[in-house]
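Breakdown of the fold
Okay, here's what each chain looks like letter by letter:
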Amino acid sequence: MADNLKDLLKRSTSSQMLAAVIGFPVNHSLSPTIHNAGFKHLDLQWDYIPLEVEERDLEEVFEQMRSSNLKGLSVTMPYKAKAAMMVDECTPTAKVLGAVNCVTSTDQGLIGHNTDGDGFLKALKHDAGFDLKQKRVVVLGAGGAAKAITEALGRSEVSSLAVINRTQAKAESTADLAGDVGSVGELEDISEADLVVNATSLGMKDNSTDFPCPIDLIHSDQLVVDLIYHPLKTPWLSAAEQKGVRTHNGVSMLLFQATEAFTLWTGEQAPVSIMLRAIEEELERRSHK
Ligand SMILES: NC(=O)c1ccc[n+]([C@@H]2O[C@H](COP(=O)([O-])OP(=O)(O)OC[C@H]3O[C@@H](n4cnc5c(N)ncnc54)[C@H](OP(=O)(O)O)[C@@H]3O)[C@@H](O)[C@H]2O)c1
């Protein structure tokens, strides 16, 4: 068993519930900060830790969930697809995505969820009060995050959803997740869109000036969202803002995918503003490192 999991289980008492994020690596994860702030605020007997798990120990973590007070699991890279195969049942969304980012332990066994897409929808509402009904959307990218938000947007009465990606085959399979409204997009779809979302990783590196799409296709009648939250403002988002475009970063999606998980595990309403403040303070601290 992974030493850190052994330590966690040893430290826990019968009245304390445990949650963890598993991945490789996980030392960058904000999840412990977010969830522990929520547990503390509500005075819940829960503790959340990062668990860096080698692939060979993955099965054991899931077995421990069945027999210990490890009751909540967040799953991050590179194990989201493997987790979908290790749980007893997936929600319809996790099943169609083939990816699990949250596991609950229930009387019916281990259930795999994917809270990224619904987290994104809640973030849009929270940040921008954006009504998706009959809106034209462009998603840039076709990786795990793009798939999750495309599936969620496909359930949201948008009029069209065009996916644009460097690798065409992935654009096609991602667009399929939106159902009838989904298609593979062209650059010209961008200026026609009401909402443009960057779900590529372009702009994540501090010195990256690569844009996920040409900035001259963006205009002030649009809402522009970048799923990246580190840095808080990517060069692309800054350039859009300079054109007078309404923009939002990925902090709220990070927040709401976590609040969804928090409620699934504890049954409690997540203290949204407390958890948001925890993220902002931690990101601020990291920006000075
Ligand atoms: N706010 C949140 O809660 C949240 C949650 C999840 C992810 N994210 C962010 O979303 C971004 C994507 O994450 P992910 O998990 O989906 O990653 P991923 O699965 O690795 O997908 C990466 C995407 O970026 C594209 N890409 C990468 N390098 C590129 C380049 N040089 N030129 C053009 N396209 C490029 C890839 O295109 P190809 O398919 O052609 O390789 C793919 O579409 C990350 O920045 C991550 O931080 C945020």
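Basis of the calculations
- Residues numbered from 1 in each chain as written.
- Predicted model: local features only at pLDDT ≥ 70, side-chain atom pairs only at ≥ 80, totals over all residues.
- Heavy atoms only, no water.
- Helix = DSSP H or I, 4+ residues; strand = E, 2+ residues; numbered from the N terminus.
- Contact = heavy atoms within 4.5 Å.
- Buried < 20%, exposed > 50% of the residue type's maximum accessible area, 1.4 Å probe, protein only.
- Polar contact = N/O pair within 3.5 Å; in protein donor to acceptor, adjacent residues only side chain to side chain.
- Core = buried A, V, L, I, M, F, W, Y, C linked by side-chain atoms within 4.5 Å.
- Domains from an automatic or database assignment.
- Pairing = 2+ DSSP bridges.
- Axes fitted to C-alpha atoms, helices over the stretch in contact; angles between N-to-C directions.

Cis geometry marks the peptide bond from Phe 24 to Pro 25, where omega comes out at 5°. Locating Pro 25 in the fold gives a position in the loop between strand E1 (17-23) and helix H2 (31-41). With phi around 60°, Glu 157 is a residue other than glycine that occupies positive phi space. Its place among the elements puts Glu 157 in the loop between helix H7 (144-154) and strand E8 (160-164).

On the secondary structure map, Met 253 appears in helix H11 (residues 251-266). Expressed as a C-alpha distance, the spacing of Met 253 and Tyr 229, which sit 24 residues apart in the sequence, is 9.1 Å. Among residues more than four places away in sequence, those in contact with Met 253 are Asp 116, Gly 119, Phe 120, Ala 123, Ile 149 and Leu 227.

The next thing to look at is the environment of Lys 122. Along the chain, Lys 122 falls in helix H6 (residues 116-128). For Lys 122, a relative accessible area of 41% translates into the label partly exposed. Note: C-alpha distance between Lys 122 and Glu 260 (138 residues apart in sequence) is 9.7 Å. Residues contacting Lys 122, with those up to four places away along its chain left out, are Phe 256 and Glu 260. Within the local environment of Lys 122, its side chain forms a polar contact with the side chain of Glu 260, the two groups lying 2.8 Å apart.

Turning next to the environment of Thr 247. The topology assignment puts Thr 247 in strand E12 (residues 246-248). Thr 247 gets classed as buried once you look at its relative accessible area, which sits at 16%. When the C-alpha positions of Thr 247 and Leu 110 are compared, they lie 38 Å apart, and in sequence the two are 137 residues distant. Not counting chain neighbours up to four residues away, the residues in contact with Thr 247 comprise Val 224, Leu 237, Ala 240 and Glu 241. Among the polar contacts listed, one links the side chain of Thr 247 to the side chain of Glu 241, at a separation of 3.2 Å.

Take the nonpolar core next. Side chains of nonpolar character tend, in soluble globular proteins, to be buried together. Grouped together as the largest cluster of nonpolar side chains are 48 residues, with contacts concentrated most on Phe 120 and Leu 195. With nine residues, H11 is the single largest residue contributor to this core. Lining this core are residues from two domains, each supplying at least three of them: domain 1 (3-114 + 254-287) and domain 2 (117-249). When neighbours within four sequence positions are excluded, Phe 120 is seen to be in contact with Ile 149, Leu 153, Val 197, Val 225, Leu 227 and Met 253. Membership of the second largest hydrophobic core comes to 23 residues, among which are Ala 20, Phe 62, Val 75 and Val 103.

Next up on the list: the sheet that holds strand E4 (residues 89-90). Here we have six strands laid out as an open sheet, ordered E2-E1-E3-E5-E6-E4, and mixed in their pairing. Two strands lie at the open edges of the sheet, namely strand E2 (46-52) and E4, each paired on one side alone. Here three bridges tie strand E3 (residues 70-75) to strand E5 (residues 102-106), and the two strands are oriented antiparallel to one another. Opposite Leu 73, over in E5, you have Val 103 as the bridge partner. Relative to E3, helix H3 (residues 58-67) is tilted by about 145°, and along the sheet it contacts E1, E3, E5 and strand E6 (109-113).

What follows is about the sheet that holds E12. With respect to topology, six strands assemble into an open sheet ordered E9-E8-E7-E10-E11-E12, the strand pairing being parallel. Strands at the two margins of the open sheet, each flanked by one partner only, are strand E9 (182-184) and E12. The mean inter-strand angle of the sheet, taken between neighbouring strand axes irrespective of direction, is 20°. Pairing between strand E10 (residues 195-198) and strand E11 (residues 223-226): four bridges, direction parallel. Across the sheet, residue Val 197 finds its bridge partner in E11, namely Val 225. Each of strand E7 (136-140), E8 and E10 is contacted by H7, which is oriented at about 165° to E7, the strand it contacts most. Sitting on the sheet, helix H8 (residues 168-176) is in contact with E8 and E9, with an inclination near 170° to E9.

Read these as spatial facts, not as claims about activity.
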